[in-house]
Protein chains: 6
Amino acid sequence: MPITRAPGARFIKDPRDVRLEDRVIRGDAEGDVGLLGVPWDGAVGGRPGARFAPSRVRGFLYSMPLNINASIVDFGDVDVVIGDHGETMRRTREAAAQALKRVKELLVIGGDNSVSHPVFQALNEMEEEVGYILIDAHPDIRTVTEGLTSGLAIRMIREANPSMPITVVGYRPHSNPRYLMDEARQLNVRIITMNEAEEVGVKGVAAQLAEAYRGRRVYLSLDMDAVDPAFAPGVNSPSPGGFTSREVIDLVSRLSKELRPRVFDVVEVTPLVDVADQTSNLAAAVLMNAMWPQGDAQ
Amino acid sequence: MPITRAPGARFIKDPRDVRLEDRVIRGDAEGDVGLLGVPWDGAVGGRPGARFAPSRVRGFLYSMPLNINASIVDFGDVDVVIGDHGETMRRTREAAAQALKRVKELLVIGGDNSVSHPVFQALNEMEEEVGYILIDAHPDIRTVTEGLTSGLAIRMIREANPSMPITVVGYRPHSNPRYLMDEARQLNVRIITMNEAEEVGVKGVAAQLAEAYRGRRVYLSLDMDAVDPAFAPGVNSPSPGGFTSREVIDLVSRLSKELRPRVFDVVEVTPLVDVADQTSNLAAAVLMNAMWPQGDAQ
Amino acid sequence: MPITRAPGARFIKDPRDVRLEDRVIRGDAEGDVGLLGVPWDGAVGGRPGARFAPSRVRGFLYSMPLNINASIVDFGDVDVVIGDHGETMRRTREAAAQALKRVKELLVIGGDNSVSHPVFQALNEMEEEVGYILIDAHPDIRTVTEGLTSGLAIRMIREANPSMPITVVGYRPHSNPRYLMDEARQLNVRIITMNEAEEVGVKGVAAQLAEAYRGRRVYLSLDMDAVDPAFAPGVNSPSPGGFTSREVIDLVSRLSKELRPRVFDVVEVTPLVDVADQTSNLAAAVLMNAMWPQGDAQ
Amino acid sequence: MPITRAPGARFIKDPRDVRLEDRVIRGDAEGDVGLLGVPWDGAVGGRPGARFAPSRVRGFLYSMPLNINASIVDFGDVDVVIGDHGETMRRTREAAAQALKRVKELLVIGGDNSVSHPVFQALNEMEEEVGYILIDAHPDIRTVTEGLTSGLAIRMIREANPSMPITVVGYRPHSNPRYLMDEARQLNVRIITMNEAEEVGVKGVAAQLAEAYRGRRVYLSLDMDAVDPAFAPGVNSPSPGGFTSREVIDLVSRLSKELRPRVFDVVEVTPLVDVADQTSNLAAAVLMNAMWPQGDAQ
Amino acid sequence: MPITRAPGARFIKDPRDVRLEDRVIRGDAEGDVGLLGVPWDGAVGGRPGARFAPSRVRGFLYSMPLNINASIVDFGDVDVVIGDHGETMRRTREAAAQALKRVKELLVIGGDNSVSHPVFQALNEMEEEVGYILIDAHPDIRTVTEGLTSGLAIRMIREANPSMPITVVGYRPHSNPRYLMDEARQLNVRIITMNEAEEVGVKGVAAQLAEAYRGRRVYLSLDMDAVDPAFAPGVNSPSPGGFTSREVIDLVSRLSKELRPRVFDVVEVTPLVDVADQTSNLAAAVLMNAMWPQGDAQ
Amino acid sequence: MPITRAPGARFIKDPRDVRLEDRVIRGDAEGDVGLLGVPWDGAVGGRPGARFAPSRVRGFLYSMPLNINASIVDFGDVDVVIGDHGETMRRTREAAAQALKRVKELLVIGGDNSVSHPVFQALNEMEEEVGYILIDAHPDIRTVTEGLTSGLAIRMIREANPSMPITVVGYRPHSNPRYLMDEARQLNVRIITMNEAEEVGVKGVAAQLAEAYRGRRVYLSLDMDAVDPAFAPGVNSPSPGGFTSREVIDLVSRLSKELRPRVFDVVEVTPLVDVADQTSNLAAAVLMNAMWPQGDAQ
Ligand SMILES: [Mn+2]
Ligand SMILES: [Mn+2]
Ligand SMILES: [Mn+2]
Ligand SMILES: [Mn+2]
Ligand SMILES: [Mn+2]
Ligand SMILES: [Mn+2]
Ligand SMILES: [Mn+2]
Ligand SMILES: [Mn+2]
Ligand SMILES: [Mn+2]
Ligand SMILES: [Mn+2]
Ligand SMILES: [Mn+2]
Ligand SMILES: [Mn+2]
């Protein structure tokens, strides 16, 4: 029936307003940019709900204008297994490995921060001279006596690659036990605190990192709690005094252009505790600004 | 990639839990039950937002178990034109007419109450001996000096068919100017007030209506503001003292079984002002209970 | 400019839809029904905010259709003094006394339950053979060692009139320390628990009270926490297991018709903690159903 | 400093208002009634967050008046292990076993519905002639191909005890795939649907169950989604058309008085998605009404 | 009654705290500054609700201190016609034309961005050498195949005046299809992107515009979505990465002082989706800072 | 029972993550830093609810890592008397006096801004050469004709000490009647407006104040409405255009390090109107950054 349209279609009839959803290739294909969701919050020892981020963030991302000449493939979500962290991580690693073969840049929508580990493992297996940058209020190098937590993702990533450079940007002293600074030194994880970032500015941080990671196959990761709760209230563990929306967009944008990361992930978006979907909307905007490939797609 | 799944897939792996979304036929086809969205709130002189009801209510409806042996066709949404009420109504009428040819029962998800008029016109053109039942806190027979309002849908429907029986169930005196009672008499619209409904009970009301409409091709309509705001806060014009969720489910369920309506619509769901999506969830449950065809589908 | 209208005017152009706001007489005048706000929450030892109830409830009440032939006078709000409970109560008593001289029925919008005391004092001074009925989850006969609380309004009212009948309807055992039952006996306050009310039904309760208070000048008071939190979440002290919206409207409506109370008040509406203004909307509907005078107004 | 008080103390100074928090014995002790929290939502395949129920529900429960002559022991929360369902269930079983030795009635605050299984195992080991009653919108007898779900708790409980009577009250057809009805028959699980419960009323259901379970050591369980979303929006899987607050309080109250259950649990309260804490408040009221022991405590 | 006061009066008794509401002249009069509401969201192809902005923003604006020596006239709201965009626009143009004759500066509270067009038409007819500045995340120069949208306001304004300078400040690439940049060039609309604005700072932007528009009769327009969603969540189409509250206040303040605009409008405030009224409160603060006339009023 | 833990314990098992709650000394003791809550909103002439700030802010503060070598004593809350401002202020003064004898730095959690006065009185009595710095959108030097308001705290503090330097940082012209600027001059209260603060930056303000107050026993006070509503929506009287979270943390942090204040208070946090607890969380972070003593505690 020509007077009907697909459920949920746009109200504005602007044919030149091409959105990501109009061009995205769904399923298993090759392309410039890949999307992979990991709907998993099984390692959260605080407020769960990040399992809903892939669908909510996609909602915003899909409705954004597609302004780059790149083909975009959406591989769907990892088929997680409720209650089985190990199996879910294995599947995540396998899915990431397969995805990385098909695209120049893989965008991953977590999930809690624990999902970065298997994705990194896939990258680490495939590439030489890798490097890791995490934008986060926390360094994620906790030690725990039992149970899971997304607060030790970097510790596991360091174990997976003992020598590559790792930097965490956005550390807030009032949200981290001080022993973590010692751990960071021992694990050779460089910390750029929020204060230091403010001192040199986002441009300065981006320039330093571009310099330090030049030539590496970079894994760039954004834990949304790096952003101030005013801009990103929907996270497991909000920490006052973070980046503004413009700063985080600018930082990721510069690093993407300079370093052309193989993987960019956004983790810890937690729609269950979000306010007016601000965090999902911002995450989508950051993802859009993280796409660096310039393909031949039209 | 077999370890991935479609975005937004279910977390529970229960193959025997067949949902409506697993069986629904999308697009233009014949079947037992049809779905049509009318994302339109252009006639609302209060709180708009009903345009989002088709997608939000479908979200709940699609994820409900499909427990009937009937084929279900989703015709999508009417392709509304922002700012053009007349054209949108014409398209709604046309879409309804085409849909009614293809299914035994057409389920319409509004939209504000004005969308019932063109759907009724389509039914009226096609069938003899029709009848109309509206469950609503208001009789929708206002007169206005200019502009649109969903508050005169029944007046227009009466004009489209001057002789059929029309009943409105759920009238609240404190939410309607008293002149409407006189209008109802003049327009030969039967009013069953909330108090009268309480007196005889939902069973009693259903029995009366089954008796009165026996043999007719019935248009059954539910303005969600008939339901109490505790159960359905997400409507344009909430009126305290309405039906409970169990009553409205029971009433629609009985009328559907008894009268096998050709059309059932749910209107005035307004997600923008809803609380925890309670109204959309209830609307979906009512729709599910309104399906009477017993087809050969499995 | 004829193409402009007053700020906030209605969008629906229905001249026959006469609302309370179209007819109300503002200020100091005689009439059938009077309105008085007491924006005071100074005695609340829990969640304050009832000070905003007069303006929020009026918002809903004013926009309701005026379906009775009675003149309605709005005396405005008592000019409360932040931090001075005594002076505010004195002004409330004086305002109520003046208002009671001008109208047949005075409707008071609290404020916390402490405002009923000075209003009752005004009534008590003016009338013989008074009687008091409170619909409340709590009997409000606490004893405290220091400080104010709205939880002893009935104790003070009993002190003001040691002999009249007092009944509290809606008592929930799980929300009241049991010593209050002994106090009620000593103070000769009759308690009708929620369970007892359910047993005989709202009709039964109304009939009993109509019988018991026949011939008296009645003060009818509704603490909105008598209503279940699903229907009235916006109160200081919500207690699960209360009246439904229909029950409370019916109960007040019957008592108003039968007993023609000199005063009806609604207290403890707390907009700061309300959900989608459900409590204010319901309070307005109850107020509208509490108006019994049939004047000569048109 | 005598002019200070404990943080968060009550504002009303009523020494005779004895609350549960004033009398509860914290830690490991004997008593009439025991409290045990199981902050676990690891089996939820929908919206997690029930892990916060024990602390939120306790907040309401502790501040309720203590009107029974029974000693109450709070054993604290099971020391759950994030990511390890098996270990957490083992600890829950062990904690329940120890608790059951110390009290006449054990009140458990879940957690998702999966926590009922280990608690039942503890009871089952200790007592002869047990029986199980679940108030729930769902029968929780799903079969799944992989992963956990709280939707098969009853299946596991049936496996733990193949012969005892099991009844599920509150089934909604629109929220359950129909194969579950067959499963129920095969598993010898009696289903009382919402419609059947409405037919005979809560009193009738309670009388039937009292008759059927007389003499047994009963495990009474309340999945809060049995209650209508208007009264209990804060659950993982809300299903329209459920019990009212008064019905659920009455049903649990009658069953507790009649059957003196050894265990009563409240599960699936999910504060992360609650509205104005209505679900936690109602859960606390139900818990209070479930206490049947009449000890010698004062 | 002297102990009462007007409903909703202030609680703080500070006679020297003169608010706008204490001085505003309501109705049709001459003055320094004029206020006109346009409660219209009929062109919104996304989330409607801007129709409520005039009353909500006025609420905040009226309660702000009046610190300027200027007479302020509130002309009320345009008498919009639900469903009739054309007629509403005609009335808006006429109302604006009449208002502009009476005041030095006209402040307009939208409404969606489409209302700027008729207001501009009125200005354009009356004045020579006009100029247009829009602060907006979007350039509003879409082309559509059918229906209305507030996304082409600037296109219509350009048609109304093909030669005047038009500048749009605040463009976000991730929220606009790239064809709009080409359109902007063709339409001779200057775009200052958010990045460019950040580069030179708000002071720099203001200085550039002051220079470019010196001597012109300026129409200054603020689409609130230019502001970041953290500061202005209540808009139809939020775009992350926008101006802060201080920046937008500063930018409008500087432009008002420098250019003395004949019209300043605030559009797209959408209270239905706002969070804690932050957007309305900010809009009011901007309006207050936009008043430049220094009259002789006291 | 070893497999249980205290209600509400942390889910992450990280023994090296020492939180304030693990070390705080509760009750009456000596230490480096003291905590005192004043749950009082009796002087608020706007939106009350600050009485809940001490418990809510403590919730966040207690769960923050303790990274300083200082002993921390929590004296509890002042035992306020509902309805008796005078007595509550007397108790606050006495409690503060006793607390100040026991600790180097006293942290006070209001309560509305009126609670600063009695705390200052205690300091003023005890110390010579005091000084007062208030970070606030308002100077709090109103004059009123009757009733209380937190808007004249500084006037009372000036009366208590006519000669010390007083500075208010953060003044917004659009939120204050202009007579207050004259009052400030007469009362010798220095105002640093938001614009001036922006001009020199937070660093500059801190440097100026460090210079001006060097050698004094400083009372540093933060009215949370100084912060922008995007970062601190939960205040009585939000004023757009305020400090960011980073700025307020930085400003308090610098002043604390430089001036080692004897008292630091945070007032006007109003949880009843907060959004996602952002204001309480930020207040806790500021409190943590305000602790300057370096004790011998471990
Ligand atoms: Mn992280
Ligand atoms: Mn983090
Ligand atoms: Mn209707
Ligand atoms: Mn209606
Ligand atoms: Mn009361
Ligand atoms: Mn009460
Ligand atoms: Mn269950
Ligand atoms: Mn269930
Ligand atoms: Mn625009
Ligand atoms: Mn825009
Ligand atoms: Mn202040
Ligand atoms: Mn202030």
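Everything here concerns the structure above.
Notes on the structure follow. The structure displayed is predicted, hence computed values, not measured ones.

1. Looking at the coordination of the manganese ion (ligand 4)
All names here are of chain B. Of the protein atoms, only Asp-136 (OD), His-138 (ND1), Asp-223 (OD), Asp-225 (OD) and Asp-225 (OD) coordinate the manganese ion (ligand 4), at distances of 2.0 to 2.5 Å. Here the donor residues for the manganese ion (ligand 4) map to a single chain with the spacing D-x1-H-x84-D-x1-D. Residue classification places Asp-136 among the buried positions, given a relative accessible area of 0%.

2. Details of helix 9 (residues 278–289) of chain C
All names here are of chain C. A rise of 1.5 Å per residue sets the reference length of helix 9, with its 12 residues, at 16 Å; its end C-alpha atoms lie 17 Å apart and thus fit the reference within 8%. Most of helix 9 is tucked away: 12 of the 12 residues are buried. Among all positions in helix 9, only Gln-278, Thr-279, Ser-280, Asn-281, Leu-282, Ala-283, Ala-284, Ala-285, Val-286, Leu-287, Met-288 and Asn-289 are buried. Those residues of helix 9 that are buried are in contact with helix 1 (20–23), helix 2 (53–62), strand 5 (105–109), strand 9 (217–223), helix 8 (245–259) and strand 10 (263–267).

3. Notes on the relation of the copies chain F and chain E
Overlaying chain F with chain E gives an RMSD of 0.0 Å, the required rotation being 120 degrees about an axis along which the chain moves by 0.0 Å. On the angle and the small slide along the axis, the relation comes out as a three-fold axis. Every residue of chain F has its C-alpha some distance from the rotation axis, and the shortest such distance is that of F:Ala230, at 3.3 Å. Here only 10% of the contact residues of chain F are again contact residues in chain E; the copies associate through non-equivalent surfaces.

4. What to know about the relation of the copies chain B and chain A
Turning chain B through 180 degrees and shifting it by 0.0 Å along the axis lays it on chain A, with an RMSD of 0.0 Å. Such a combination of turn and shift is consistent with a two-fold rotation axis. Among all residues of chain B, the minimum C-alpha distance to the rotation axis is found for B:Ala276, at 6.2 Å. An overlap of 100% is found between the interface residues of chain B and their copies at the interface of chain A, pointing to a shared contact surface.

5. As for the packing of aromatic side chains
This model, assessed by the stated rule, comprises 30 aromatic pairs over all chains. Between C:Phe52 and E:Phe11, the aromatic rings sit 6.2 Å apart at their centres with planes inclined by 85 degrees, giving edge-to-face as the arrangement. Of the two residues, C:Phe52 sits in the loop between strand 3 (33–37) and helix 2 while E:Phe11 sits in the loop between strand 1 (4–5) and helix 1 (20–23), which places them in two different chains. Take C:Phe52 and E:Phe11: they sit in the same class, and that class is buried. When the centroid spacing of 4.6 Å and the interplanar angle of 15 degrees are considered together, the rings of F:Tyr132 and F:Tyr219 count as stacked. With a gap of 87 residues between them, F:Tyr132 in strand 6 (residues 130–135) and F:Tyr219 in strand 9 (residues 217–223) connect regions that are remote in the sequence. Neither residue differs from the other here; F:Tyr132 and F:Tyr219 are each classed as buried. Put simply, the rings of A:Phe120, A:Tyr132 and A:Tyr219 touch in pairs and so form one group of aromatic residues. Seen from the ring of A:Phe11, A:Arg5 lies directly overhead, with NZ or CZ sitting 4.9 Å from the centre.

6. Re the arrangement of the chains
Where chain A comes nearest to chain C, the C-alpha atoms are still 16 Å apart, and the two do not contact one another. Over all C-alpha pairs, chain D and chain E never come within contact, reaching a minimum spacing of 16 Å.

7. Some remarks on the interface of chain B and chain A
Counting from both sides, the interface comprises 29 residues of chain B and, opposite them, 29 residues of chain A. Inspection of the region where chain B meets chain A yields four salt bridges. Across the salt bridge formed by B:Asp79 and A:Arg5, the nearest N and O atoms sit 3.4 Å from each other. Counting across the chain B and chain A interface gives 13 residue pairs in polar contact (both at pLDDT 80 or more). Listing elements by their share of the side of chain B that touches chain A, those giving two or more residues are strand 1 (4–5), helix 2 (53–62), strand 4 (72–78) and helix 3 (85–102) of chain B. The class makeup of the residues in the side of chain B that touches chain A is 14 nonpolar, five polar and 10 charged.

8. Focus: the pattern of salt bridges
Enumeration according to the criterion identifies 180 salt bridges over all chains in this entry. One salt bridge connects B:Arg16 with D:Glu183, and the closest N-O pair in it is separated by 3.1 Å. You can see B:Arg16 sitting in the loop between strand 1 and helix 1 (20–23) and its partner D:Glu183 sitting in helix 6 (residues 179–186), one on each of two chains. Here B:Arg16 falls in the partly exposed class, since its relative accessible area comes to 40%.

9. As for the interface of chain F and chain E
Tallying the contact residues gives 31 residues for chain F and 29 residues for chain E. Summed over both partners, the interface of chain F with chain E buries about 2400 Å², with 49% contributed by carbon and sulfur atoms. Considering only the surface of chain F that becomes buried against chain E, F:His174, F:Arg178 and F:Pro240 emerge as the three largest contributors, covering 26% of it. On inspection of chain F and its partner chain E, the count reaches seven salt bridges. Note that F:Glu199 and E:Lys203 form a salt bridge whose closest N and O atoms lie 3.2 Å from each other. Our enumeration of links across chain F and chain E arrives at 19 residue pairs in polar contact (both at pLDDT 80 or more). Examining the composition of the side of chain F that touches chain E, we find that three residues originate from one element, helix 7 (residues 194–213) of chain F, more than from any other. In terms of residue class, the side of chain F that touches chain E is made up of 13 nonpolar, 10 polar and eight charged.

10. Focus on the coordination of the manganese ion (ligand 10)
Residues and elements named next belong to chain E. Surrounding the manganese ion (ligand 10) are the protein donor atoms Asp-136 (OD), His-138 (ND1), Asp-223 (OD), Asp-225 (OD) and Asp-225 (OD), at 2.0 to 2.5 Å. The sequence pattern describing where the donors of the manganese ion (ligand 10) fall on their chain is D-x1-H-x84-D-x1-D. If you look at the manganese ion (ligand 10) and the manganese ion (ligand 9), they sit 3.2 Å from each other and are both ligated by Asp-136. Here Asp-136, found in the loop between strand 6 (130–135) and helix 5 (153–160), pairs with Asp-223, found in strand 9 (residues 217–223); they are 87 residues apart in sequence, far enough to count as distant.

11. Digging into the packing of helix 4 (residues 116–126) of chain A against helix 5 (residues 153–160) of chain A
All names here are of chain A. Where helix 4 meets helix 5, the axes come as close as 9 Å, and the angle between the chain directions of the two elements is 20 degrees. Considering their axes alone, helix 4 and helix 5 lie roughly parallel with respect to each other. Note on packing geometry: the crossing formed by helix 4 with helix 5 is right-handed. On helix 5, the residues touching Ser-116, His-117, Phe-120, Gln-121 and Asn-124 of helix 4 are Met-156, Ile-157 and Ala-160. Of the residues that constitute the contact of helix 4 with helix 5, the class distribution is four nonpolar, four polar and no charged.

12. With respect to the pairing of strand 7 (residues 166–171) of chain C
Residues and elements named next belong to chain C. For strand 7, the tally of buried residues reaches six of six residues, placing the bulk of the element in the interior. With four bridges connecting them, strand 6 (residues 130–135) and strand 7 associate as parallel partners. Of the residues in strand 7, the one forming a bridge with Ile-135 is Val-169. Following the chain from strand 6 across helix 5 (residues 153–160) to the adjacent parallel strand 7, one finds a crossover that is right-handed. In terms of strand pairing, strand 7 meets strand 8 (residues 189–193) through five bridges, oriented parallel. The residue of strand 8 that forms the bridge with Tyr-171 is Thr-193. With helix 6 (residues 179–186) bridging strand 7 and the parallel strand 8, this β-α-β connection has right-handed handedness.

Procedures and definitions
Residues numbered from 1 in each chain as written. Chains lettered and ligands numbered in written order. Predicted model: local features only at pLDDT ≥ 70, side-chain atom pairs only at ≥ 80, totals over all residues. Heavy atoms only, no water. Donors = N, O, S within 2.8 Å, 3.2 Å for Na, K, Ca; no water. Buried < 20%, exposed > 50% of the residue type's maximum accessible area, 1.4 Å probe, protein only. Helix = DSSP H or I, 4+ residues; strand = E, 2+ residues; numbered from the N terminus. Expected span 1.5 Å × (residues − 1). Contact = heavy atoms within 4.5 Å. Least-squares fit on C-alpha atoms with pLDDT ≥ 70 in both. Phe/Tyr/Trp six-rings, centres within 6.5 Å; stacked < 30°, edge-to-face > 60°. Lys NZ or Arg CZ within 6 Å of the ring centre and 35° of its normal. Salt bridge = Lys/Arg side-chain N within 4 Å of Asp/Glu carboxyl O. Polar contact = N/O pair within 3.5 Å; in protein donor to acceptor, adjacent residues only side chain to side chain. Nonpolar A, V, L, I, M, F, W, Y, C, P; charged D, E, K, R; others polar. Buried area = accessible area lost by both parts, 1.4 Å probe. Axes fitted to C-alpha atoms, helices over the stretch in contact; angles between N-to-C directions. Parallel < 35°, antiparallel > 145°, perpendicular 65-115°, else oblique. Left-handed = near helix turned anticlockwise from the far one by under 90°. Pairing = 2+ DSSP bridges. Right-handed = clockwise from strand over helix to strand, strands pointing away.

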